[in-house]
Every structure is written in C-alpha cells, then in structure tokens.
Number of protein chains: 2
Amino acid sequence: MSAVLQNTNDIEQYMKTLGEQARQASHLMAQLEPEARNNALLRIAEIIDSHRETIKSENARDMQQGKVDGVSEAMLDRLLLNDFRIDAMIEGLQQVSTLDDPVGEISDMRYRPTGIQVGKMRVPLGVIGIIYESRPNVTIDAAALCLKSGNASILRGGKEAIHSNQAIYQCIQQGLIAVDLPQFAVQVVNTIDRSAVGMMLNMPESIDVIIPRGGKSLIERIANESSIPVIKHLDGVCHVYIDDKADIEKAFKIAINAKTRRYGVCNAMETLLVAKDIAEVVLPEIEKELLNRGVELRGCERTQKVCHSELVSASEEDWYTEYVAAILSIKIVDDMEQAISHINHYGSQHTDAIVTEDFTRARQFMRAVDASSVMVNASTAFADGFEYGLGAEIGISTDKLHARGPVGLEGLTSQKYIVFGDGHIRS
Amino acid sequence: MSAVLQNTNDIEQYMKTLGEQARQASHLMAQLEPEARNNALLRIAEIIDSHRETIKSENARDMQQGKVDGVSEAMLDRLLLNDFRIDAMIEGLQQVSTLDDPVGEISDMRYRPTGIQVGKMRVPLGVIGIIYESRPNVTIDAAALCLKSGNASILRGGKEAIHSNQAIYQCIQQGLIAVDLPQFAVQVVNTIDRSAVGMMLNMPESIDVIIPRGGKSLIERIANESSIPVIKHLDGVCHVYIDDKADIEKAFKIAINAKTRRYGVCNAMETLLVAKDIAEVVLPEIEKELLNRGVELRGCERTQKVCHSELVSASEEDWYTEYVAAILSIKIVDDMEQAISHINHYGSQHTDAIVTEDFTRARQFMRAVDASSVMVNASTAFADGFEYGLGAEIGISTDKLHARGPVGLEGLTSQKYIVFGDGHIRS
C-alpha cells in the first residue's frame, strides 16, 4: 500500500496528475465496446473475491484507528467490511454488468428539409468526481456505475476509510489492467488531507461533474465551493396529502407505510396533509396506529382538535423539517389548492403524494406540485432507482437541471447531436 | 416609464422583490394550459405592433445616449430598433406560439413488478434568469421562449438598451395582464447598476437557471460568479477533418462553406485537418478558393509544403483560437486517430465534422469526438437550433450537463417522475 500523502504542494501536484490521467482515460473509455466494460466489472468482482483477506485486514486497520479516534458506534458500523458486505459488493458488480448499456444509443434521427439527418447519441459525461463519507462499499458501487456508463472517475472517500478504500482500489486497478482497460479509468484519492477535496472541486478542466454523497452539511459545502456542476440531493421533506375524495383504506395504508417503513430515509413522509372534510374520518385511525408504532405527532390547531390524544403543537419550523426520525407533523388544510401551496412553499422538491379517487384532482396535483417525484395513490417510499426500474442508483437528485429524482446510468450520460449529410452545405 | 434605480440598498430590495414575484408566478405558470400561454404571445405581438412609435422613441433615447457615450458603430447598429426589426420581433412571437407545447408531455410510463406505474412528465424549470448585452430584440425572444415553456423569467439587458428594453417590457406586461396571465411571469430588470447582476447570480431561492448571452468574457464572469447553474456557450473552435477516404468534391464544398458562409458565428470552421495521403490532392484547391475569398491561412509545417502560396506558420496558440474572422489554421495529420486526438485536445466541444466515404471511420469518429455536434459529410454551419428542427433557439450549450448543443424549448424544461398506484405501499 503506497504511503498517504501529507504535504500540500505534493497533494496539489498529485491531484493535478489524477485529473490529467482521468481526462485521458475518459477519451479512451468513450470508444470502448460494452463488452470491454462489462468484462472489467466481472474481473474486478473476481479479484475482490480472491482478495477478501487483504480487504478485511486493511479494513481492520481503519476500524482500529476509528476506535482510537473515538468514532461513534454508528459510524464504525458503516465502516465495517465483513464477508457479507464483500459478497454484496461482488453481487453489485455482477448485477451492474447485466444492465443495458446506455452508451452510444442513437435516437430521434430525422431528415430535415435541407436533406441533412439530425439526431442524438448518448455519450458518457467524461470524468465524474464522487465525494463520499465513511462507507467503503460506495467505492465499488460508484466505480461500477461510472465504468458501466463509460466515464472515468475520481473517488474521494472519508478519511476514516482510507485503508479499506485503497485496498478496494488495488483490486479495481488490477481488474482494469487485466482486461486492458485504461488503468486510470477509476482512481481513488490516496490522501486524508482535506485540501484534496477543495482541489477536486476546482478542476473543471479535468472533472465534468461532482456527485457528493453524505450528510446535508457535506453536500451544501461542496455545492457552495464547487466551480464544477454538482448533482446533489439535499432535503427530503416529503408530503402525503389525503384528499377528501380519498379512499379511506388506501389513505391509511399509504400514510402508515410512508412514515413507518423506515425512518432514516429521504423518501419517508415528514408532513401529512389532510383535507378538512375527511379529517375526522381518517385522522384518528392514523393517529392511533402511528402512536402505537411510537411515532411522535405534532399538529396544527385543527389537527389538535381532531386528534384524540394531546398533540404537540407544530411550529412554523416543523413544516420545513426533515425529521429523518419517528416524528410526523400533521396539518389539516381546506382543500387541495391549500395542500399544493403548502407543499410548494415548505417542501424540498423531493417526493410528494396525493391520495384521491378524483381523476381531475389527480391530474391537477401532478401538474402543480414541483417535486422530483409526484405520486397518486402510492407511498412516497417507492421513490428509489431500483423501484423505478433504473437498475442502479448513484443517488437521488433534488436539482432540476440534468437529472431529477433517482439517478441511474442515464443520469451519468449526456446526449450529443449527430448530423449525417452527403456533402451538404448550408445556404 | 418608471425611474431607474440607483441606490444599492434599494436595488437589493428591488431584486429580492423581483425574485419573489417570479417564484410565485412560476408556480401559477406551471398550471396553465398551452392556450393561455399562446394567447399571451399573440397579444404581446399585437401590443408591440400598436406601440411601435413609443418603442422607437425610447430606442432613440438609447441611441442618443450611446452616441454621447462614444459607443461603437457596431454596437449602435445592434442597439437600433427600426420597423423591420420590430416586425421581426412580432413574427418571432407569432412563430413561437405555433410551436408544439413541451410542457406536460408524459413519457415512458411503465408498470413495475410491484404494480406501480412509473414514468416522466416534462415540466418547466421554474424561473429562468437571462443576462444579455446590447440587442433589445433579445428581450422579446427570451421572454417568448420562457413563456412558451411555462417558465417565469427575469431578464437583464445591457445598460445601453435600458429604455428600449423597458418600453418592450411595458408591452409584455400589458399583454400578460390582458390575458390574465401572472403579471410577473416576465420581468425586465429596471436598473443599469451592475450590482443587480451579481445579486441575480446569487438568488438560488428565486432563480433556477441562468442563461448568459453575449461575449466570452461576460459568460466566463457569470459562470464564475454564479451560485445558480448556468447554461452557457463558450468557444466555438470547430474542426473539419478531411479523411483520405473523402469524396474530394464534398470535402471542397464543406470546407469552403464551413469557413466562409459567415465569419462571425460560433459554428464556423476555425481549423481544417487534412489526412496526409489526400492533402496534395485536396488542399491546393481549397487554398486557392479561400485565398480568393480573402481568408488568411496559417499552416503547420507539412501544410506549408503542400500549399502553393507562402503560408504564415500556425503557432500552438492558433490551434486553440476561435478567430471569428476570415482566418483559418490548417494542419496535416497522419490519419483519423491523430485528427480525433487533435480535436479532443484543442477543440471546444462545439461542432466538429469528418468528410469520409468510409463507413467504419464515420462510426468511429462519431463515437470518439467529444463535441456537442458531430457531423459526417455536412458543413459545421448546420449547427443551429432552426436547422436541427427545434423551432427556436435560446442559444447553443457547450456544457455537457442538462442541455448540449442548440437549446430550444426542451432545454428550458425538466422532467419529473410520476408514479401511479392503487393504494400501493412498499414492502
């Protein structure tokens, strides 16, 4: 294992070299056949399988250092690589290799009145920079999706996982070399110095897009500092609105599922909106079930009147909050218009659902709600790349440009125009 | 005409108000039927027609001030609004109203194994900020495309066109009000203070994307300063590569057209690459024709030998240069691989073409060249939204994210996921 760089001048030169190598590799990657990229994925899987012991022993170094540094139990758990997790990494590589290849797809070819033929070809973005925190399995997931989509990548994991990440990186490099892919198609930054991140964010000549994965503060900092476009995911303040034309049973099932399936995920419901004309029928039952499951409820004044238990009063702050916990704010609204206004004002443009049997309202809600996923009679928990059939997910984007919602392989590609002629010139 | 703001505190409050008004208008815009937006375009056209004299007299104030300020003749020409140009504005509005509506299009709806149905809906981006220079007709073009695509817009024109822009804006506002569209769906910044631009670039809560139109230095400054995503167009260092399998006649026609059709445009050829095995056959004729047309030629060493006249030697700098003038750099390359390397190294990812009759090489060139438009046997001059059939063009993007190449109405929209269920919950 090579020494970890410490000196800032060295780091600057080092990052510059990584960037140049990535750019060069990206040009070669863009010309490879799908089979070559799939072979690389499968070969890397084999090499990881045969290097389990090295990976685990390097991971043990990280774990030990983490304990010395007083890293939290939760973070240590995320850091741990055992056989089960290594199996998952291997399966992930194999699964990505079976996905349809997004690169080179030609679409919309049409003849124009001038006689030229114009269409689009899907192409890799080029070089993708991924900045993530403690989970070393992200190294493999991210490398696999970038490889599959024909991109070169520069990966920068958390400092507490440096040895694990480098051990995994050795396997990736061996795999790339074994199948004659550009050696620098994937590079994992080998320094724990934070200045490396700042440098990555300001190498537009070498990196085409930055994807941060981690907590909100990391992502906000990266978005602010980066001179390179960032595909990012901020809050998930997801809403379910129960319309007065809702089917009571569907409303109940969806509300419970959206809140309680998992509390720590971005697609969990954080605010329940209920139309006033149906509140007395539907709310007490939902209240009872959520309280049974240990969810803390915070309500508006009208909600407090309708609910049977003593509810904490929801503050203005609550409507903006992604609890990522067993807490739910509830608001009774006059009608769908008020629900839509609330969502567009307080929401985070992640995922919002309506429960209604009314066709016209469903159509209006779909149009008017400004979110990356808008659902009718389905739980917000479905907002996920695998559930949507993308086959893989590098993250969920709450941006509007380029990729919105779950980002799969297609989100790691772009489209260029292609034009065919027969010696055509423009008059 | 309202007074132009001068005080920075006032400007800050003013810009904030514009932003809030735009955001509010964007939510209403997202829910409008296509007919409402088309009616607005047509009504604005009528109002402009009936306010010609006001527009021309306000334009005369700008022209007069420009002369006092010693503005260049070229810029004064761009600034001028006469009946011919007002007619063009009116026709532009009418033409945009006839385009297909991009908003609300639902695509890719598919059933998933869980029973939910997942697809995408095309939606406006929200609020678009456009920053441009002296041409006041951009005010109408930009407003029309943003309106048609369901976006609210904040337009900031050049200070030398302030009165013309405000006169046009009065017509737009009257038109919006007359057909009951949100009054603030279009807003034209009414201050010449430069600080307004800096503020616009840092209102991510109010503006979703910035589109700068103007010279390279303006665009670079905006891209650097903006905390909002920017759709931009930098250089157009376009190449034509004449392969040794090229049809000589096509090569000649395309090279002449790509260079001489217009010199001041971004899709003009700036560097001609010629395979060494065909150079002696094709280059002297092209040389002769270009010299006849007054084009200055700069060549590599091999080119200097092949050409009949005394050519200036092309420097390293030349290969990077967008002349936007009657100048061409010429390089003889060994083969297509060397041409591709040259293009990917020195090019600006705008538009590059190959002339060849070889099918396999055409395929390889298309894959390997990293540009927003890649052409086979067609002149780079075709790189244009109208030629591509987009029906309109807000600009050409040399970015890879979101929109690449000519940007029409679709580039001003995004896609959100929509999910239909029947009470579905995730297990």
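All chains use their own residue numbering, which begins from 1 and follows the written sequence. In the order they appear in the text, chains get letters beginning with A and ligands get numbers beginning with 1. Where local features are concerned, this predicted model is filtered to residues with pLDDT of at least 70; where side-chain atom pairs are given and counted, the filter is 80 or more; whole-chain, interface and lining totals use all residues.

**A few points about the overall build of chain A**
In DSSP terms, a helix is any run of H or I states spanning at least four residues, a strand is any run of E spanning at least two, and both are numbered starting from the N terminus. Assigned secondary structure in chain A consists of 15 helices and 16 strands. Our radius of gyration is a C-alpha quantity, and the globule rule it is checked against amounts to 2.2 Å times the number of residues to the power 0.38. The globule rule puts the C-alpha radius of gyration for 427 residues at 22 Å, and the 24 Å found for chain A is close to it. Dimensions of chain A, computed from C-alpha atoms along their principal axes, come out at roughly 70 × 65 × 35 Å. Scored against the burial criterion, the 427 residues of chain A give a buried share of 54%. Contact between two residues is assigned when their C-beta atoms, built from the backbone, lie within 7 Å. Nonlocal contacts in chain A, meaning residues at least 24 apart in sequence, comprise 72% of its contacts between residues at least 6 apart. For every residue, the other C-beta atoms within 10 Å of its own C-beta are counted; 20 or more classify it as buried, 12 or fewer as exposed, and values in between as partly exposed. C-beta atoms are placed from the backbone.

**Points about the relation of the copies chain A and chain B**
The copies were overlaid with a least-squares fit restricted to C-alpha atoms from residues scoring a pLDDT of at least 70 in each copy. Least-squares fitting of chain A to chain B yields an RMSD of 0.0 Å, with the superposition described by an axial translation of 0.0 Å and a rotation of 180°. In the structure described here, the two chain copies are related by an operation that fits a two-fold rotation axis. Distance from the rotation axis, computed per C-alpha, reaches its smallest value in chain A at H402(A): 1.8 Å. Mapped onto chain B, 100% of the interface residues of chain A again fall at the interface, so both copies present the same surface.

**What to know about the domain arrangement of chain A**
Think of interface size as the accessible area that goes away when the parts come together; that is how it is often given. Where each domain starts and ends follows an automatic or database-derived domain assignment. As assigned here, chain A comprises domain 1 (8-232 + 408-418) and domain 2 (238-382). Just the C-alpha atoms count here: the centres of domain 1 of chain A and domain 2 of chain A sit 37 Å apart.

**Some thoughts on the sheet that holds strand β6 (residues 209-213) of chain B**
Residues and elements named next belong to chain B. Here, strands pair whenever DSSP counts at least two bridges between them. Overall, parallel pairing links the four strands, which are arranged β5-β4-β3-β6 in an open sheet. A single partner strand is all that each edge strand has here, and the edge strands are β5 (186-188) and β6. Mean inter-strand twist for the sheet, computed between neighbouring axes without regard to direction, equals 15°. Judged from the five bridges that link them, strand β3 (residues 127-132) and strand β4 (residues 152-156) form a sheet pairing that is parallel. Within β4, the position partnered with I130 by the bridge is L155. What counts as an axis is a line fitted to C-alpha atoms, over the stretch in contact for a helix, and the angles between N-to-C directions run from 0 to 180 degrees.

**Observations concerning the sheet that holds strand β1 (residues 106-111) of chain A**
In spatial order, the strands read β1(A)-β2(A)-β16(A)-β13(B)-β12(B)-β7(B)-β8(B)-β11(B)-β9(B)-β10(B); together these 10 strands make up an open sheet with mixed pairing. Two strands close off the open sheet at either side, each with one partner strand: β1 of chain A together with β10 (312-313) of chain B. Summarising the sheet, strand β16 (residues 413-424) of chain A and strand β13 (residues 373-378) of chain B pair through five bridges and their orientation is parallel. From the neighbouring strand, H424(A) faces β13(B), where its bridge partner is A378(B). Contacting β16 of chain A together with β7 (238-242), β8 (269-275), β11 (327-333), β12 (351-355) and β13 of chain B, helix α10 (residues 248-260) of chain B runs over the sheet at an angle of about 165° to β7(B). Contacting β7, β8, β9 (296-299) and β11 of chain B, helix α11 (residues 276-292) of chain B crosses the sheet at an angle of about 145° to β8(B).

**Brief notes about the interface of chain A and chain B**
On the chain B side, the residues contacting the 59 residues of chain A number 59 residues. Of all the secondary-structure elements, those providing two or more residues to the side of chain A that touches chain B are β2 (117-124), α10 (248-260), α15 (359-368), β13 (373-378) and β16 of chain A. At 11 residues, β16(A) tops the list of elements feeding residues into the side of chain A that touches chain B. Within the side of chain A that touches chain B, the residues separate by chemical class into 24 nonpolar, 19 polar and 16 charged. In the scheme used here, Gly and all other residues not listed as nonpolar or charged are polar, with Ala, Val, Leu, Ile, Met, Phe, Trp, Tyr, Cys and Pro taken as nonpolar and Asp, Glu, Lys and Arg as charged.

**Notes on the confidence of the model for chain A**
Here chain A averages 94 in pLDDT, and 98% of its residues register 70 or above. Scored by ipTM, the complex comes to 0.91, with pTM at 0.89. Scored from 0 to 100, pLDDT records how confident the predictor is in each individual residue.

**As for the pairing of strand β8 (residues 269-275) of chain A**
Residues and elements named next belong to chain A. Most of β8 is tucked away, with seven of its seven residues classed as buried. Both strand β7 (residues 238-242) and β8 contribute to a ladder of five bridges, which runs parallel. Note that in β8 the partner of I242 across the bridge is V274. Pairing of β8 with strand β11 (residues 327-333), which is carried by five bridges, proceeds in the parallel orientation. Pairing of T271 across the sheet is with S329, part of β11.

**A word on the environment of H350(B)**
Residues and elements named next belong to chain B. As for its placement among the helices and strands, H350 is situated in the loop between α14 (336-346) and β12. Look at H350 and you get buried, because 25 C-beta atoms sit within 10 Å. C-alpha of H350 to C-alpha of L328: the two residues are 22 residues apart in sequence and 17 Å apart in space. When residues no more than four places from it in sequence are discounted, the contact partners of H350 are D235, G236, V237, C238, C266, A371, S372 and T398.

**Remarks on the environment of I55(B)**
All names here are of chain B. Mapped onto the secondary structure, I55 falls in helix α3 (residues 52-68). I55 sits in the buried class, given 23 other C-beta atoms within 10 Å. Considered as a pair, I55 and R43 are 12 residues apart in the sequence and their alpha carbons are 16 Å apart.

**So, α11(B)**
Residue and element names in this part refer to chain B. A helix is expected to reach a length of 1.5 Å times the quantity of its residues less one. A rise of 1.5 Å per residue sets the reference length of α11, with its 17 residues, at 24 Å; its end C-alpha atoms lie 24 Å apart and thus fit the reference within 8%. Within the sequence span of α11, burial applies to A279, V282, L283, I286, E287 and L290. On its buried side, α11 packs onto β7, α10, β8, β9, α12 (301-306) and β11. Note on α11: the residue one or two positions beyond its end, G294, has a positive phi of about 85°.

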